[in-house]
Structure formats: structure tokens, C-alpha cells
Amino acid sequence: MRFIFLGAPGVGKGTQVKRLSREYAIPSIATGDMFRGAIAKNTPIGLEVKSYLESGRLVPDEVTIRMVQERLCEEDAKGGYILDGFPRTIKQAKALSDIVKQSNNKIDRVFYFDLEKEEIKRRVLGRRNCPACQQVYHLTYDPPKKDGVCDCGATLVQRKDDQPETLDTRLSVYQKETTPLIDYYERQNLLTRIDASGTVDEVCEKVRCGGMQALSP
Ligand code: AP5
């Protein structure tokens, strides 16, 4: 099964992908996590993309498509995956379609997470990340046991691009570059809209009932 989770920054895609990829035993492929991993390790791609992530702009399509294409060829992705944060432009969507066709597969469903802007901002600005175990918290909705400290013991950090000014850039880039994908996938009868308000459990159930359960073996 091949799924795309589409939606604005901070809408809760990553949280759902982590749960559902475990539940349905398919890998999650999150381009943002891949870029952040490359930056942390100072790889050539990390050095190339650092300024884009820090300023909230999209990494050029060529770089992103090449990285995803390589990832999709790995053994664990042969039986399916959930894409989180890719595609984000029409060019990426067309490239993905070609990649999937070349291996005689298809995208089974695109879940579009819809949420009002004020709640998106609350989710992003309250997010805290663990640099050691990668756990994601929220100051109000999902706080750690001890303030500022991950339950694994490491000090929590705020992503550089989760500052208010960078968030505004990310939201306008999303509006301009990524929202055309809603129509693009709707025209192909692949889109399921998910109301992303409510608790993590409630949203998860909406995705299961919105087709993920029915489509999974
Ligand atoms: P990326 O890492 O993909 O960021 P994003 O799409 O902006 O998404 P986020 O990670 O911010 O949010 P999310 O929807 O996963 O929310 P989460 O589940 O964490 O991309 C970062 C950058 O990389 C881009 O700006 C760009 O530079 C580059 N990049 C990545 N992909 C690219 C591509 N394809 N092309 C070009 N460039 C690319 O949740 C947010 C918070 O809310 C958390 O604190 C969580 O605990 C909380 N939360 C989640 N669900 C709920 C709920 N139901 N109720 C209450 N709180 C909730």
C-alpha cells in the first residue's frame, strides 16, 4: 500500500504517520526528517539544504526528488510506504507518479489533513523535539513528564523553523506551492479529506475509517 499524507506544516501529519506506519507495518518516509538527519550528520546533501530548512523555503525539486527516488528503491519500501511531506509541488507529484509507474505500482490514497490556521500555529509553536530519541512533544497537548526534558533524559529543543517568523514563511510557501496538490489529487479521485481537529487518537481513527484500514491487507 502506498499512501501520501498531505497538509500544512504542523497539522499533525508526522504524529499520525509514526503511529499508522507502525500499525500497518509499512515504513514512513518523511522528507523533512531525512533532510534534518543529513544536516545533523553534515553530509553533502545536509550542507546543501541547511539554509532552505532554516528559512522555511522548499529545497529545490531536483534535490528532493533524487533523494526520494533513492529511498523508494530501498528494500523496506518495496511493499509500500507512507510519504510524509512529499510531494509538495506539482513537479514532485508528477515525478512521483513516474517513479511509481516504473515499478508497476500506484498511489492508493492521499490523505489531506485540514485544520484552521490558528490551531496550526498553536501546534507548531508549542512543539518541542528530542534530539536524542526524536520523540515529539507539545507543551500543552502532549507535555513531557518533566519540563524541558524528554522522558529519555535529553534536553528538548525547539526546531529553528518553528519560530513565528519562519512559520509565516512556511505557511505562505505551503499556500502557493503545495495547496494546488489538493485539486491535483482530487481530480484523480485519490483524495480523502481528514478533519485534523481533535485529539491524536480521534484523528487517527478518522484516517483508519477514511480508507486506510479498508485498503490495507
Ligand atoms: P517538514 O519536516 O516536512 O515540516 P512540515 O511539513 O512543515 O511539517 P511539520 O513537521 O512541521 O508538521 P507535522 O504536520 O508533521 O506535525 P507534527 O505531527 O509534528 O519539512 C521541514 C522543511 O524541510 C521544509 O520547510 C522544507 O524546507 C524541507 N522539505 C521537506 N520536505 C520537502 C519537500 N518535499 N520539498 C522541498 N522541501 C522540503 O505535529 C505538530 C505538533 O502538534 C506536535 O507538537 C504534536 O505533538 C502536536 N499534535 C499533533 N497532532 C495533534 C493533535 N491531534 N492534537 C493536538 N496536538 C497535536
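Our structure is the block above this text.
Residues numbered from 1 in each chain as written. Predicted model: local features only at pLDDT ≥ 70, side-chain atom pairs only at ≥ 80, totals over all residues. Heavy atoms only, no water.

What follows concerns the overall build of the protein. What the protein contains, in helices and strands, is 9 helices and 7 strands. Here the C-alpha radius of gyration of the protein, 17 Å, is about what a compact globule of 217 residues would show, namely 17 Å. For the C-alpha atoms alone, the extent of the protein along its principal axes is close to 50 × 40 × 35 Å. Across the protein, the fraction of contacts at a sequence separation of at least 24, relative to all contacts at a separation of at least 6, is 69%. For the protein, the computed accessible surface area is about 11,300 Å², with 51% contributed by carbon and sulfur atoms. In the protein, 34 side chains carry a positive charge and 31 a negative one; their mean positions are 2 Å apart. (Helix = DSSP H or I, 4+ residues; strand = E, 2+ residues; numbered from the N terminus. Rg over C-alpha atoms; globule rule 2.2 N^0.38 Å. Contact = heavy atoms within 4.5 Å. Areas by Shrake-Rupley, 256 points an atom, 1.4 Å probe, with all protein chains shown as cover. Lys, Arg positive; Asp, Glu negative; His and termini not counted. Charge placed at Lys NZ, Arg CZ, Asp CG, Glu CD.)

Moving on: the sheet that holds strand 7 (residues 191-195). In spatial order, the strands read 2-3-1-4-7; together these 5 strands make up an open sheet with parallel pairing. The open sheet has two free edges, formed respectively by strand 2 (28-30) and strand 7, since each of these has just one partner strand. Sheet twist, expressed as the mean angle between neighbouring strand axes with direction ignored, is 20 degrees. Both strand 4 (residues 109-114) and strand 7 contribute to a ladder of 5 bridges, which runs parallel. Across the sheet, Asp114 pairs through a bridge with Asp195, a residue of strand 7. Strands in contact with helix 9 (residues 200-215) are strand 1 (2-7), strand 3 (81-84), strand 4 and strand 7; relative to strand 4, the strand with the most contacts, it is inclined by about 165 degrees. (Pairing = 2+ DSSP bridges. Axes fitted to C-alpha atoms, helices over the stretch in contact; angles between N-to-C directions.)

Attention now goes to the pattern of salt bridges. This structure, assessed with the given rule, holds 22 salt bridges. Linking Glu54 and Lys160 is a salt bridge whose minimum nitrogen-to-oxygen distance equals 3.5 Å. Pair noted here: Glu54 is in helix 3 (residues 44-55) and Lys160 is in the loop between strand 6 (136-138) and helix 7 (164-178), with a separation of 106 residues, a long-range link. On the basis of relative accessibility, which here comes to 33%, the residue Glu54 falls in the partly exposed class. Members of the salt-bridge network, linked through shared partners, are Arg127, Arg159, Asp161, Asp162 and Arg170. (Salt bridge = Lys/Arg side-chain N within 4 Å of Asp/Glu carboxyl O. Buried < 20%, exposed > 50% of the residue type's maximum accessible area, 1.4 Å probe, protein only.)

It is worth spelling out unusual backbone geometry at this point. Most peptide bonds take the trans configuration, and most residues that are not glycine carry a negative phi. Cis geometry marks the peptide bond from Phe86 to Pro87; its omega dihedral reads 0 degrees. Unusually for a residue other than glycine, Gln134 sits at a positive phi of about 70 degrees. According to the relative accessible area criterion, Gln134 is exposed, its value standing at 52%.

What follows concerns the packing of helix 1 (residues 13-23) against helix 9. Contact pair helix 1 / helix 9: the axes reach a minimum separation of 10 Å and the direction vectors enclose 55 degrees. Our classification of the angle between helix 1 and helix 9 gives oblique. Here helix 1 runs over helix 9; the crossing is right-handed. The residues of helix 9 that touch helix 1, namely those facing Thr15, Gln16, Arg19, Leu20 and Glu23, are Val200, Asp201, Val203, Cys204, Val207, Arg208 and Met212. (Parallel < 35°, antiparallel > 145°, perpendicular 65-115°, else oblique. Left-handed = near helix turned anticlockwise from the far one by under 90°.)

Near the ligand lie 35 residues; those nearest to it are Thr15, Arg57, Arg88, Arg127 and Arg170. A distance of 3.3 Å separates an oxygen atom of the ligand from a polar atom in the backbone of Val11. In this structure, a nitrogen atom belonging to the ligand sits 3.4 Å away from a main-chain N or O atom of Val200. When the free accessible area of the ligand is taken as 1,000 Å², the share hidden by the protein chains comes to 96%. Contributing elements (two or more residues each) for the shell around the ligand: helix 1, helix 2 (31-40), helix 3, strand 6 and helix 9. Among the elements that take part in the shell around the ligand, helix 2 stands out by supplying 4 residues, more than any other. A per-class count over the shell around the ligand returns 14 nonpolar, 12 polar and 9 charged. (Near = heavy atom within 4 Å. Polar contact = N/O pair within 3.5 Å; in protein donor to acceptor, adjacent residues only side chain to side chain. Nonpolar A, V, L, I, M, F, W, Y, C, P; charged D, E, K, R; others polar.)

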